[in-house]
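# Summary of the model geometry
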Amino acid sequence: MLAYDELELMDLAVREHAEHAAKREVITQAENETINTAYPVNFYSPNIFMRIGLGLVTATATIAIGSLILVLIRPKSSIPFYFLIIAVGMFLLLELFIRKYHHLRSGIDDVLLYSILIFIYMSLATSRLTDINNFHLLFSLTATIAGILAVVRYADRLAAFQSLFTGVFFLGALWYKMGTLAKFSMPIIMIMLFISVYTLARQYRNSPSLLHYTGCFRILEIFSLCGLYAACNFYIADLWWNAQLNISLSSQPSKYFFIISSILVPLWCLFSGLNKRDLIRLRLSVLMIAASVITFHHYVKIITDEVAMILYGIILIISAYVLLKKLKGGVAGYTHLATEDSAEWIDLEELLVGGSFSRKMNATGKTNQH
Amino acid sequence: MSKGLFDQLQQEGLLSEDSLHRVQKHYAKPVISLQKDINVILYVGVLLLSAGLSILVYKNIDRIGHLAILSAIGAICIFCYAYGFRKSSPFSRNEVESPDALYDYLLVLGGLTMVIFMGYLQYQYHVFGNSWNLAGFIPMVLLFITAYYFDQLGVLSLAILNLAAWLGIIINRVKWPFLWNLDENHTIYTAILLGIFLVGMSYFSRLTNLKSHFSKLYHQFGTHIFFISCITSIVHFNPQYWPWFFLLLAGSVSHLIKAFKESSFYYLVVAILYLYIGISIIVVDLLKVPGIRDEVIFQRNLIYFIISPAGLAYLLVRLNNKLKTDAGIR
């Protein structure tokens, strides 16, 4: 299923954990070296600068190929076919880079994957299918399927992000076709969709058999939370109803639902983040609280915008100062000092052993070797 | 802490019993850092406060009056500097640890308000007469002094930007600062010299051991200003671009030497990419052969941009491997 060698990915994860521990001097450098030797990794994963450099170079070539097709191909109606051919060619090239040259997040494989997706979408967008009714449904469905396939094959986070939003768009657009009732209930449908995605992502993120997809599930979790908040937000719901039904949400009884959810979702995010020691959820909750404050300021203007900015600025500076003072000695496992430890890192470690790691140990018989 | 992974490694004989105990102890209660989050909150707070104040002043300028505004900006500036003096350690030639996150942000705010204060003073009251040159020079010197005295990289960045602005004022003899006009000969020369000067300052900092950790920032600014100016000059002086290309080539080679000397992947990629941009501009120009249709020239350009990245990627990978081998990185 996964294009990359799963056993080697496992070795890489073991090495990363050992490196992490060695950096904190909890294991010795010699032990780290021994672990590295025992778990050899053959991937070509250069540093971030090389990755950016190789990515830029690959993107340049890809854009040139696309442009050349647009310039050279006659008649223009056959362009979609050539775009598809290029997508297939790039897929073969990507597989070659992964299988033969063992590229893993090298910049080349990332850009090749995105180029395949873009060429597929360009093929669709330049085809005669654009003339049909409901082309947007066909396009979003294709994008969702292509994105999911990219996630399954390459465990790519950006593809996971794209398939989440095109998938939600597709389902939303399908629902929209049901008529006035669908327009009326759209925010609720969106809330339900995002809650479903969030629950599924939470459930499968901790599945040992899906260890290599942890990052993708994390992305789904984060962005489904963002989507959930957006769907709950009073201002966005009001915008939707105004645009689609010409009704102001302020005059409807359902306004209370959106007012309460605009407050409750950030608070739930904040407290569950604190409780689960989930830094990303904590950060999201701060952003959501800020969005809620701006929303209420938009509807209830007690002070002018500039005075509000000054006030919020002062509140933020004081909050930061108080946090700095309070966290000086470390409170409930939180500190203001720099550290790379996080609950997520420990979770990953649990997962690594949860099933796949032991399966790998049995497969290679490494336990007996040492 | 996971019972599994490090236990397994210990059972395999890859980890000593002592190390396993240390690992278990270390990960028993992982500490989560909120440092970046607090910094972001502070940054957004400072941004909101300064933006809110600016809008408030702008909307009420007739009612408040210039003196009141200047007093408010001056008061903020004095407060920030006072906080800095109160918290800072005595001057040292070496790196000094920041007492807290607030210290850094307030010093940057102090530097910013000082520049605004001087600019406002000159714009409204012409305290330096018509000499915008002096109005740019004094804040720049003060910013450099602040950066060195308080050991503040953020203020040093402001000072370098101010230096570029001041040079822009001198070179273009206009009120509008900075080296924006990179389509004029003298601005390009100045920008190239500024880039070389900043790279020189980087070596000077390191050689004299005067705030040697500033060296990286000087080099960053110097490198990019130099390369961007060289590329601009290749475009600007077309078709007499060869001297500028050789200057770019020399800069790239010197950066490659630095990359190998210091095992820096960053400078390796930067040097190669800037050189590639320079070469590509010349190739695109050389492909413009008179008598050939524009469409054909365009197609040739595209073919160049399909083939050349493959070679460039190969070169980058080879150089990266060589650098890793030289540095003993596996």
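Note that the structure is predicted; figures quoted are calculated from it, not measured.

The helix and strand tally for chain A stands at 15 helices and one strand. Going through the 370 residues of chain A one by one, you find that 34% of them count as buried. Restricting the contact set of chain A to residue pairs at least 6 apart, pairs at least 24 apart contribute 62%.

A word on the overall build of chain B. Of the regular secondary structure elements, chain B holds 13 helices and one strand. Along chain B, helices and strands appear, N-terminal first, in the series α-α-β-α-α-α-α-α-α-α-α-α-α-α. A compact globule built from 330 residues should have a C-alpha radius of gyration of about 20 Å, whereas chain B, at 26 Å, is more than 25% larger. Principal-axis analysis of the C-alpha atoms gives chain B an extent of 80 × 70 × 40 Å.

All names here are of chain A. Over its 12 residues, helix α10 (residues 234-245) runs 16 Å from end to end, which matches the ideal 16 Å to within 8%, given 1.5 Å per residue. Residues Phe 234, Ala 237, Asp 238 and Trp 241 constitute the buried set of α10. Here the buried residues of α10 occupy an arc of 100° about the axis, which is enough to place them on one side. Of the exposed residues in α10, the ones pointing more than 90 degrees away from its buried face are Leu 239 and Ala 243. Lining the buried residues of α10 we find α8 (180-205), α11 (255-276) and α12 (279-299). Of the residues flanking the end of α10, it is Asn 246, one or two places downstream, whose phi is positive at about 60°.

Many descriptions give the size of an interface as the accessible area lost when the pieces come together. Residues and elements named next belong to chain B. Along its sequence, chain B is carved into domain 1 (1-31), domain 2 (34-178) and domain 3 (190-330). The centre of domain 2, based on its C-alpha atoms, is set 33 Å off from the matching centre of domain 3. The partner domain 3 presents 10 residues to the 11 residues of domain 2 that form the contact. In terms of residues, the side of domain 2 that touches domain 3 owes the most to one element, helix α8 (residues 153-172), which gives seven residues. Here the residues of the side of domain 2 that touches domain 3 are counted per class, giving seven nonpolar, one polar and three charged.

A separate point is helix α5 (residues 66-87) of chain B. All names here are of chain B. Taking 1.5 Å per residue, 22 residues should reach 32 Å; α5 reaches 32 Å between its end C-alpha atoms and fits that length. Listing the buried residues of α5 in full gives Ile 69, Ile 73, Ile 76, Cys 77, Cys 80 and Gly 84. The buried residues of α5 occupy an angular sector of 90° when projected down its axis, which confines them to one face. Turned more than 90 degrees off the buried face of α5, the exposed positions are Leu 67, Ala 75, Ala 82, Phe 85 and Arg 86. Of the surrounding elements, those touching the buried residues of α5 are α3 (35-59), α4 (61-64), α6 (101-125) and α7 (132-150).

With that settled, consider the interface of chain B and chain A. Between chain B and chain A, the contact holds 57 residues from the first and 67 residues from the second. Of all the secondary-structure elements, those providing two or more residues to the side of chain B that touches chain A are α1 (5-11), α2 (17-28), β1 (32-33), α3, α6, α12 (265-286) and α13 (294-327) of chain B. Element by element, the count of residues in the side of chain B that touches chain A is highest for α3 of chain B, at 16 residues. Sheet topology places strand β1 (residues 334-335) of chain A next to β1 of chain B; two bridges connect them, and they run parallel. Looking across to β1 of chain B, one finds that Thr 335 of chain A is bridged to Ser 33 of chain B.

Residue and element names in this part refer to chain B. This prediction gives chain B a mean pLDDT of 84; 93% of its residues lie at or above 70. Contacts from residues 175-179, a stretch scored under 50 in pLDDT, to residues over four places away or in other chains number 14 contacts. Across the assembled chains, the prediction reports ipTM 0.78 with pTM 0.80.

This part covers the nonpolar core. Leu 220 of chain A together with Val 155 and Ala 159 of chain B are the most contacted members of the largest nonpolar core, which has 136 residues in total. Formed jointly, this core draws a minimum of three residues from each of two domains, domain 2 (34-178) and domain 3 (190-330) of chain B. Once you skip the residues sitting within four places of it in the chain, Val 155 of chain B turns out to touch Leu 107, Val 108, Gly 111, Leu 143, Thr 146, Ala 147 and Phe 150 of chain B. Counting 15 residues, the second largest nonpolar core, distinct from the first, contains Ala 13 and Ile 35 of chain A together with Leu 14 and Val 23 of chain B.

In this chain, Asn 238 of chain B is followed by Pro 239 of chain B through a cis amide linkage whose omega measures 10°. Looking at the secondary structure, you find Pro 239 of chain B in the loop between α10 (215-236) and α11 (242-262). Of note in the backbone geometry, Arg 105 of chain A takes a positive phi value of approximately 45° without being a glycine. Relative to the helices and strands, Arg 105 of chain A resides in the loop between α4 (79-99) and α5 (108-125). Although it is not a glycine, Lys 211 of chain B adopts a positive phi angle of roughly 50°. Following the sequence through the fold, Lys 211 of chain B ends up in the loop between α9 (185-208) and α10. In this structure Lys 211 of chain B comes out as buried when scored by C-beta crowding, with 21 C-beta atoms within 10 Å.

The next thing to look at is the packing of helix α9 (residues 214-232) of chain A against α11 of chain A. A packed helix pair is summarised by two numbers, namely the angle formed by the two axes and the spacing between the axes. Residue and element names in this part refer to chain A. Running from N to C, α9 and α11 cross one another at 155°; their axes reach a closest spacing of 8 Å. Classified by the interaxial angle, the pair formed by α9 and α11 is roughly antiparallel. Between α9, through Leu 225, Leu 228, Tyr 229 and Cys 232, and α11, the contact on the second element is made entirely by Phe 258, Ser 261, Ser 262, Val 265 and Cys 269. Residue composition of the contact of α9 with α11, by class: seven nonpolar, two polar and no charged.

Turning to the packing of helix α6 (residues 135-154) of chain A against helix α7 (residues 157-176) of chain A, a few remarks are in order. Residue and element names in this part refer to chain A. Contact geometry of α6 with α7 gives a least axis separation of 8 Å together with a crossing angle of 150°. Judged by the angle between their axes, α6 and α7 are roughly antiparallel. Remark: the crossing between α6 and α7 carries left-handed chirality. Across from His 136, Leu 137, Ser 140, Leu 141, Ala 143, Thr 144, Gly 147, Ile 148, Ala 150 and Val 151 in α6, the residues of α7 making contact are Ala 159, Ala 160, Gln 162, Ser 163, Thr 166, Gly 167, Phe 169, Phe 170, Ala 173 and Leu 174. For the contact of α6 with α7, a count of residues per class yields 12 nonpolar, eight polar and no charged.

Per-residue pLDDT for chain A has a mean of 83; in total, 89% of the residues score no lower than 70. The low-confidence segment residues 354-370 of chain A (pLDDT under 50) makes 25 contacts with residues lying over four places distant or belonging to another chain.

Bringing the environment of Ser 45 of chain A into the picture now. Residues and elements named next belong to chain A. Note that Ser 45 resides in the loop between α2 (29-38) and α3 (48-72). Exposure remark for Ser 45: the 15 C-beta atoms within 10 Å place this residue in the partly exposed category. Separated by 58 residues in sequence, Ser 45 and His 103 place their C-alpha atoms 6.3 Å apart. Apart from the residues lying within four places of it in its own chain, the contact partners of Ser 45 are Leu 104, Arg 105 and Ser 106.

The rules behind each value
Residues numbered from 1 in each chain as written. Chains lettered and ligands numbered in written order. Predicted model: local features only at pLDDT ≥ 70, side-chain atom pairs only at ≥ 80, totals over all residues. Helix = DSSP H or I, 4+ residues; strand = E, 2+ residues; numbered from the N terminus. Buried ≥ 20, exposed ≤ 12 C-beta atoms within 10 Å, placed from the backbone. Contact = placed C-beta atoms within 7 Å. Rg over C-alpha atoms; globule rule 2.2 N^0.38 Å. Expected span 1.5 Å × (residues − 1). Arc of directions from axis to C-beta. Domains from an automatic or database assignment. Nonpolar A, V, L, I, M, F, W, Y, C, P; charged D, E, K, R; others polar. Pairing = 2+ DSSP bridges. pLDDT = per-residue confidence, 0-100. Core = buried A, V, L, I, M, F, W, Y, C linked by C-beta atoms within 7 Å. Axes fitted to C-alpha atoms, helices over the stretch in contact; angles between N-to-C directions. Parallel < 35°, antiparallel > 145°, perpendicular 65-115°, else oblique. Left-handed = near helix turned anticlockwise from the far one by under 90°.

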